[in-house]
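Residue-level structural notes
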2 protein chains.
Amino acid sequence: MPTRAIAIEDDEAVSRLIAQVLTAHGFEMVGTAATGEDGIALAKREVPDVALVDLGLPKMSGEDVIAAIRQEVPKTMCIALTAVDIPARVLGALRAGAAGYILKPFHAGELARAVEDVLRGDSAPISPRAAKVLLAELRGDAPDQRNHGPALSKREREVLELLVHGHTYADVANALGIAEGTVQTYVKRIYEKMDVSTKAEAALLAVARGLVKP
Amino acid sequence: MPTRAIAIEDDEAVSRLIAQVLTAHGFEMVGTAATGEDGIALAKREVPDVALVDLGLPKMSGEDVIAAIRQEVPKTMCIALTAVDIPARVLGALRAGAAGYILKPFHAGELARAVEDVLRGDSAPISPRAAKVLLAELRGDAPDQRNHGPALSKREREVLELLVHGHTYADVANALGIAEGTVQTYVKRIYEKMDVSTKAEAALLAVARGLVKP
DNA sequence: TCCGACGTACCACGTACAGGGTACCCGGGC
DNA sequence: GCCCGGGTACCCTGTACGTGGTACGTCGGA
């Protein structure tokens, strides 16, 4: 049985192009829909192997469509298709359950390759631009991690490392062989440099920047 | 000034190949190293634009090398290079600060393209197989994680969310419309369930388990 | 039916924390 | 020479925090 696919895309030209490309690569198009509602109904009726979902649909958001399909028809893998790579969009789609994220315009081979990748199940096609967003999120948001204030000194990193793991000032002082008052100085400087004001915030930022291992 | 690159790779054949490919694409190779220690020293000395780091180095792990370079020479972007795509490896490297993740064997064009992508800064080259691991992690259905002790109630998660972002008990009380004393009860229960005793520890564990986004 | 488990809510006490000071040493410039 | 900035080190004060209590409603099983 050939791989069965559907497309949920409001631009009919794009929709036809998708059908053409996939058919040419040996997939079977079992339907297309122009709205989210129709697309979900189509997916439930046909239970295709893969669904190409445009994120720029009118009314219902592509994210919601993907989430609905993942919920109702888990067997169907969803690939998000969009012209924009706004971080919130990328993350929303992937969180919703998209197995891949392709940016328009795409090459014919790119699309077919992505579908094959997803179906094989051992990989997830993600455009480099989308991947950057993913990475940023994984590391703790903050667009462009680099150059966030002055670097911490070696001693300051030692203090931070101990602090964020729940040790008290007294513990830190003991471990480093300095007075508790001195620890407080380091903490103050660390807070200034990291622009935070509590241990909790410092801990969050520290892991986000990879200064300490969780 | 041309883009300056280094390679940290113990297999000399691969190392030469990298140099060859990058040189052919107009990059300047300013050094190669066969061990992590040498690589870090090289990076500090040359401060290259990009470093290709093999994850399968003897002795020192590639993750640690990347982390060290990101720490000491933030300007240098690191691209992880490996033959295996073990989830822990992928995540470790990306968490350590790798801007890209390329699987061996790679095509010549692929490598050059990845370096260009990373330097342009608007995208992150991630191999499809590595991307799959990333996605799984992002969605939280990664191996282990989950099921660490009793689950927090909705209210407790709300308190935790606010707490770990540095808000005081008073702030939390205000935001949730309850008394400060009540917040303390939640904090106690949260600490018990998570088996921690400070805000900093709770913050670490919360991000580690994906309960809150950093 | 009653009782226990759990989520919710509040108070009081002692301590650890955040932020205000001050001081010394060292290396690099003006 | 001199001062200046950054790293190191210490003290003091008010506050937020961690932990000990108590109490009430609800749900489900003994």
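Reading the values: the criteria
Per chain, residues are indexed from 1 in the order of the written sequence. As they are written, the chains are lettered A onward and the ligands numbered 1 onward, keeping that order. Only residues with pLDDT of at least 70 are given local features in this predicted model, and only at 80 or more are side-chain atom pairs given and counted; all residues enter the totals for whole chains, interfaces and linings. To get the side-chain values, all heavy atoms of the structure are used, and hydrogens and water are removed first. Numbered from the N terminus, helices here are DSSP runs of H or I no shorter than four residues, and strands are runs of E no shorter than two. Think of it in three bands: with a 1.4 Å probe and only protein chains considered, a residue is buried below 20% of the maximum accessible area for its type, exposed above 50%, and partly exposed in between. The accessible surface values rely on the Shrake-Rupley method and a 1.4 Å probe; as for residues, cover is taken only from the protein chains in view. Here, axes are lines fitted to C-alpha atoms. For helices the fit covers the stretch in contact, and angles between N-to-C directions go from 0 to 180 degrees. Between 65 and 115 degrees an angle is taken as roughly perpendicular, under 35 as roughly parallel, over 145 as roughly antiparallel, and anywhere else as oblique. What makes two residues a contact is simply this: any of their non-hydrogen atoms within 4.5 Å. Under the scheme applied, nonpolar residues are Ala, Val, Leu, Ile, Met, Phe, Trp, Tyr, Cys and Pro; charged residues are Asp, Glu, Lys and Arg; polar residues are all the others, including Gly. Proximity is defined per residue: if any heavy atom of the residue lies within 4 Å of a molecule or strand, that residue is considered near it. Pairing of N or O atoms within 3.5 Å defines a polar contact, subject to two protein rules: one partner must be a possible hydrogen donor and the other a possible acceptor, and residues neighboring in sequence count only if both atoms are side-chain atoms. When DSSP locates at least two bridges between a pair of strands, those strands are taken to pair. Here a salt bridge means any side-chain nitrogen of Lys or Arg lying within 4 Å of a carboxyl oxygen belonging to Asp or Glu. Confidence scores labelled pLDDT are given residue by residue by the predictor and lie between 0 and 100. For a crossover, the right-handed case is the one in which the path from the first strand over the helix to the second runs clockwise, viewed with the strands pointing away from the viewer.

Within chain A one finds ten helices and five strands. Looking at chain A residue by residue over its 214 residues, the buried ones come to 49%. A total of about 9800 Å² of accessible surface is found on chain A, and carbon and sulfur atoms cover 52% of it.

So, on to the packing of helix 8 (residues 169-176) of chain B against helix 9 (residues 180-194) of chain B. Residues and elements named next belong to chain B. In the contact formed by helix 8 and helix 9, the axes pass within 8 Å of each other and the chain directions differ by 105°. Viewed along their axes, helix 8 and helix 9 adopt a mutual orientation that is roughly perpendicular. Between helix 8 and helix 9, the residues in contact are Y169, A170, V172 and A173 and E180, V183, Q184, V187 and Y191, respectively. Taken together, the residues of the contact of helix 8 with helix 9 break down into seven nonpolar, one polar and one charged.

Okay, the protein's contact with DNA strand C next. As a structural note, the neighbourhood of DNA strand C is formed by 19 residues, with Y169(A), K188(A), K199(A), T182(B) and T185(B) the closest of them. Restricting attention to atoms of DNA strand C within 4 Å of the protein, one finds that 56% of them are sugar or phosphate atoms. One of the backbone N or O atoms of A179(B) is found 2.7 Å from a phosphate oxygen in DNA strand C. In the environment of DNA strand C, a base nitrogen lies 2.7 Å from a nitrogen or oxygen atom belonging to the side chain of Q184(B). The set of elements that each furnish at least two residues to the surface near DNA strand C consists of helix 9 (180-194) of chain A together with helix 9 of chain B. At seven residues, helix 9 of chain B tops the list of elements feeding residues into the surface near DNA strand C. For the surface near DNA strand C, a count of residues per class yields five nonpolar, nine polar and five charged.

It is worth spelling out the sheet that holds strand 2 (residues 28-33) of chain A at this point. All names here are of chain A. Here five strands make up an open sheet; going across it, the order is 2-1-3-4-5 and the pairing parallel. At either margin of the open sheet sits one strand with a lone partner, and together these are strand 2 and strand 5 (100-103). The average undirected angle you get between the axes of adjacent strands in this sheet is 20°. Two elements, strand 4 (residues 77-82) and strand 5, share four bridges in a ladder whose sense is parallel. By the bridge assignment, T82 is partnered in strand 5 with L103. Seen against the sheet, helix 1 (residues 12-24) touches strand 1 (4-8), strand 2, strand 3 (50-54) and strand 4 and runs at an angle of roughly 170° to strand 2. Strand contacts of helix 3 (residues 62-72): strand 1, strand 3 and strand 4, with the helix running at about 175° to strand 4, the strand carrying the most contacts.

If the charged atoms of two oppositely charged side chains come close together, the side chains can form a pair. Tallied over the entire structure, the rule returns 14 salt bridges over all chains. Among the salt bridges present, the one from E156(A) reaches K193(A), with a minimum N-O distance of 2.8 Å. Within this pair, whereas E156(A) is found in helix 7 (residues 154-164), its partner K193(A) is found in helix 9, the two being separated by 37 residues in sequence. Of the charged contacts, one joins E12(B) and R16(B) as a salt bridge, the two residues approaching to 3.2 Å between their closest N and O atoms. Separated by four residues within a single helix, E12(B) and R16(B) lie in helix 1 (residues 12-24), roughly one turn from each other. Both residues of the pair, E12(B) and R16(B), belong to the exposed class. Three or more residues joined by partner-sharing salt bridges are found here, namely K154(A), R155(A) and E158(A).

Now for the sheet that holds strand 2 (residues 28-33) of chain B. The strands making up a sheet associate through backbone hydrogen bonding, with each pair oriented either parallel or antiparallel. Residue and element names in this part refer to chain B. The five strands are arranged 2-1-3-4-5 in an open sheet whose pairing can be described as parallel. Edge positions in the sheet fall to strand 2 and strand 5 (100-103), since each has one partner strand and no second. With direction set aside, neighbouring strand axes in the sheet form an average angle of 20°. Bridging between strand 1 (residues 4-8) and strand 3 (residues 50-54) involves four bridges; their strand directions are parallel. Looking at the pairing, I6 lines up with A51 of strand 3.

In this model, chain A carries an average pLDDT of 78, and 79% of its residues clear a pLDDT of 70 or more. In the model, residues 140-147 of chain A has pLDDT below 50 throughout and makes ten contacts with residues more than four positions away in sequence or in other chains.

Residue and element names in this part refer to chain A. In this structure, strand 1 lies alongside strand 2, joined through four bridges in parallel fashion. Bridge pairing links A7 to T32 in strand 2. Once you follow strand 1 into helix 1 and on to strand 2, the crossover reads as right-handed.

Here we come to the protein's contact with DNA strand D. Around DNA strand D, a shell composed of 20 residues is seen, among which T182(A), T185(A), Y169(B), K188(B) and K199(B) lie nearest. Here DNA strand D approaches the protein such that, of its atoms within 4 Å, sugar and phosphate make up 58%. Between a phosphate oxygen of DNA strand D and a main-chain N or O atom of A179(A), the distance comes to 2.7 Å. Listing elements by their share of the surface near DNA strand D, those giving two or more residues are helix 9 of chain A together with helix 9 of chain B. Residues that form the surface near DNA strand D fall into these classes: five nonpolar, ten polar and five charged.

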